[in-house]
Every structure is written in C-alpha cells, then in structure tokens.
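Listed below, chain by chain, are the residues.
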Amino acid sequence: MRQVSQCVATFLKHTPVRFAPPTDAEAAALDTLLLRAWEDACAQWPTVKLSPGQFVIHVAERLPKVSPDSPIAQLLTKLSLAELYLTCGCLQGLASAQEAFEKSYLAKLPGKLRGLRQPDAMIDDVCQITRVKLLVATPESAPRIGEYTGRGALLSWVLVTAGRIANKLRAAEKPASEDSAEEVLKMLPGQGIDPELDVMKRRHHAEFRQAVHEAASTLSADERHLLRLHFADQLSTYELASLFRVNQSTVSRWLKSARLRVYEETRRRLQERLGLSTLGFKSFLAFIDSQLDMNISQILEEKG
C-alpha cells in the first residue's frame, strides 16, 4: 500500500493543475486506478520496463488543464494509458520501447499511407522522417513522441504526423512559381551600390540559371535526397545521423561535399560562359556562396 500511496503523491505533484486534495475514498480509488493501469501496461508491453513512478509522472504531465475540482479518475479513464506507457518508454530512450513502437505502429504506416493514396515513391521517405521526428532527440528538443497526450489512439496520432510530413514533401516537389535562380539574382545589390554587379544581374541571369541547373545535375540521387532532407525538410544533422545510422560528423561531411559541388560547378560554368575575372564577378560569386544554403532546396525542386 505504501508504494501505491507514493504513486498518488508523485502523480499529484506533476499534474499541470493543482487539484483539490482528494478525500480518502478518492485517493484510494486513484491508487487502485494508477496501479492497475501500470500493471496492465506492463502486461501489454512486457519487454518495456518502467517503474510506477516514471509512468505516473508521464501521465500526470499530460493531463488536460481543467478545473481544480474536476474528478481525476474520470480524466484518466478517457486516456489511452497503455499507449502512454509505451511512449514514456520511448521518451526515456529504452530500446525495447522503441522496438515495440516500430513493430506495432511504424510498421503499419506504409499500408495506412497507401490507403490514403499517398504516392508510393514518397512513402518510404515519409516513414523514415516520421521515425526520426518521433524518436530522435536533438540538442534543441526531446523526441516528439513526448507530444502524444493519450487523448485518442496512438496509431491515429502517428498517422496524422506522417500525413503532415507527406503534405510537406509533396509541396516541396512542386515547381517554384518563380525561377529560383532569378530570385537569387533579384536579391543582389541594386543599382548605385555596385554598378557592375547590377549590370551582371540584369544581363547574365539566364547564364546563372542554366549553370545552377547543370551543377545540380552533377549530384547523385543520394546527394539530392540528403540535401532535400536537410534544407527542404529541415532535418538536423543529429536527425540525419540517426536516419542513416552513421555519426554526425559523417553527415556533416556528406552535406559539405554536396554543397561544395553545387557551388564549384556553378562557379566553373559561369566563369567559362561569362569570361570575366573582374572584381564584380568575384563579388557575384561571393554572393552565390552566401545564398546557396537558403536556395539549394529550390534548386533541387527545379530538378524534380
């Protein structure tokens, strides 16, 4: 009984609302409910080992913000407590929990996405990105699996997350409404700041556009995929390292190499075509270098 009472005290300490002190009968009912939920979850996920304290803290922190006199037991009965137990294990970084999550939820995503008529060519990317977003911590944030509150089925919540990722990927594949290379040129310094550069901006936009397209074509399919994930889908190097199962320095090296190839090829082709070696041309190249990260996802979208 002492352990159960400790669970109740821990639970009440971590709720977002300072509930009115329960009566003895209410406390006993809450004891029973929490302990039974923990035992049921342990039975459903036998490989995932969490203490009652870890579980009740996780559940308590995800209770909705309600009136302090709301019946706690009724709130708990509306939550998917066994699935909160699993997501707690994932958030704790337990390999057993992540394996169970992969098998019971992520493995079902391809079929569910096909049922929603998502393009087959995109489904694998969506599943991979969903896995990374939900299970991988970054220096800026904890894994997003912690955002699941238990108010609804976990599979439905995962599917909504994947659907949002799919929509973003589809939007990224649409051609830009304006040619991105020309948009870069429009951002160059205007007339009066550097007259020669302004002339290049107006005269050589076609050459620049073509050079960027040709430079992007020198990338391998894997390099284009990596750059899309990083620049268009905004996966960090930490997330990419987990996705490709390599260390972060390897991902950083891959990104640097791919980016450098686009820049060097653009510069080489421009120099050949323009035949210029003026200070203005050097400034032009410096601008391309400074803006490449911002525009590389658009460059890749144009390649389809």
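Thresholds, definitions, all that
- Residues numbered from 1 in each chain as written.
- Predicted model: local features only at pLDDT ≥ 70, side-chain atom pairs only at ≥ 80, totals over all residues.
- Heavy atoms only, no water.
- Helix = DSSP H or I, 4+ residues; strand = E, 2+ residues; numbered from the N terminus.
- Buried < 20%, exposed > 50% of the residue type's maximum accessible area, 1.4 Å probe, protein only.
- Contact = heavy atoms within 4.5 Å.
- Areas by Shrake-Rupley, 256 points an atom, 1.4 Å probe, with all protein chains shown as cover.
- Core = buried A, V, L, I, M, F, W, Y, C linked by side-chain atoms within 4.5 Å.
- Phe/Tyr/Trp six-rings, centres within 6.5 Å; stacked < 30°, edge-to-face > 60°.
- Polar contact = N/O pair within 3.5 Å; in protein donor to acceptor, adjacent residues only side chain to side chain.
- pLDDT = per-residue confidence, 0-100.

If you look the chain up in an unreviewed UniProt entry, it shows as Sigma-70 family RNA polymerase sigma factor from Corallococcus soli.

Q: For this particular structure, what's the right way to read the overall build of the chain?
A: The secondary structure content of the chain amounts to 16 helices and zero strands. Here the chain holds 304 residues, and the buried ones make up 43% of them. Taking as baseline every contact in the chain between residues at least 6 positions apart, the subset at least 24 positions apart corresponds to 73%. By element, 51% of the accessible surface of the chain is carried by carbon and sulfur atoms, the whole surface being about 15,800 Å².

Q: Can you walk me through the nonpolar core in this structure?
A: For soluble globular proteins, nonpolar side chains are generally found buried alongside one another. If you look at the biggest cluster of nonpolar residues, it comprises 67 residues, and the most contacted ones within it are Phe11, Leu76, Leu86 and Phe101. With eight residues, helix α8 (residues 120-135) is the largest single contributor of residues to this core. Discounting chain neighbours no more than four positions away, the residues touching leucine 86 are Trp45, Val48, Ala97, Ala100, Phe101, Tyr105 and Leu154. Counting residues in each nonpolar core, the second largest holds five residues, with Phe208, Ala211, Val212 and Leu274 among its members.

Q: Just checking my understanding: could you explain the packing of aromatic side chains for this structure?
A: How two aromatic rings sit relative to each other is set out by the distance from centre to centre and by the angle between their planes. Enumeration over the complete set of coordinates arrives at four aromatic pairs. Note on phenylalanine 101 and tyrosine 105: the rings are 5.6 Å apart at their centroids and 25° apart in plane angle, and the pair reads as stacked. Relative accessible area serves as the criterion here: at 6%, tyrosine 105 is assigned to the buried category. The structure contains a cluster of three or more aromatic residues connected by ring pairs, namely Trp45, Phe101 and Tyr105.

Q: How should the side chain of arginine 131 be read in this particular structure?
A: Counting through the fold element by element, arginine 131 comes out in helix α8. Assessed through its relative accessible area of 16%, arginine 131 is described here as buried. In this structure the side chain of arginine 131 is engaged in a polar contact, spanning 2.4 Å, whose partner is the side chain of glutamate 102. Among all residues touching arginine 131, those that are not within four sequence positions of it are Glu102, Leu106, Val136, Ser242 and Arg245.

Q: Even after reading the chapter, I still don't get the confidence of the model for the chain, so can you show me in this structure?
A: Do not read the fine detail of predicted coordinates wherever pLDDT is low. Per-residue confidence for the chain averages 79 on the pLDDT scale, and 75% of its residues sit at or above 70. Confidence, read as mean pLDDT per element, is least for helix α10 (residues 180-186) in the chain (49) and greatest for helix α5 (residues 81-91) (97). For residues 175-179, every residue scores under 50 in pLDDT, and the model assigns this stretch five contacts once sequence neighbours within four places are set aside. Scored below 50 in pLDDT, residues 187-193 makes ten contacts in the model with residues more than four places away or belonging to other chains.

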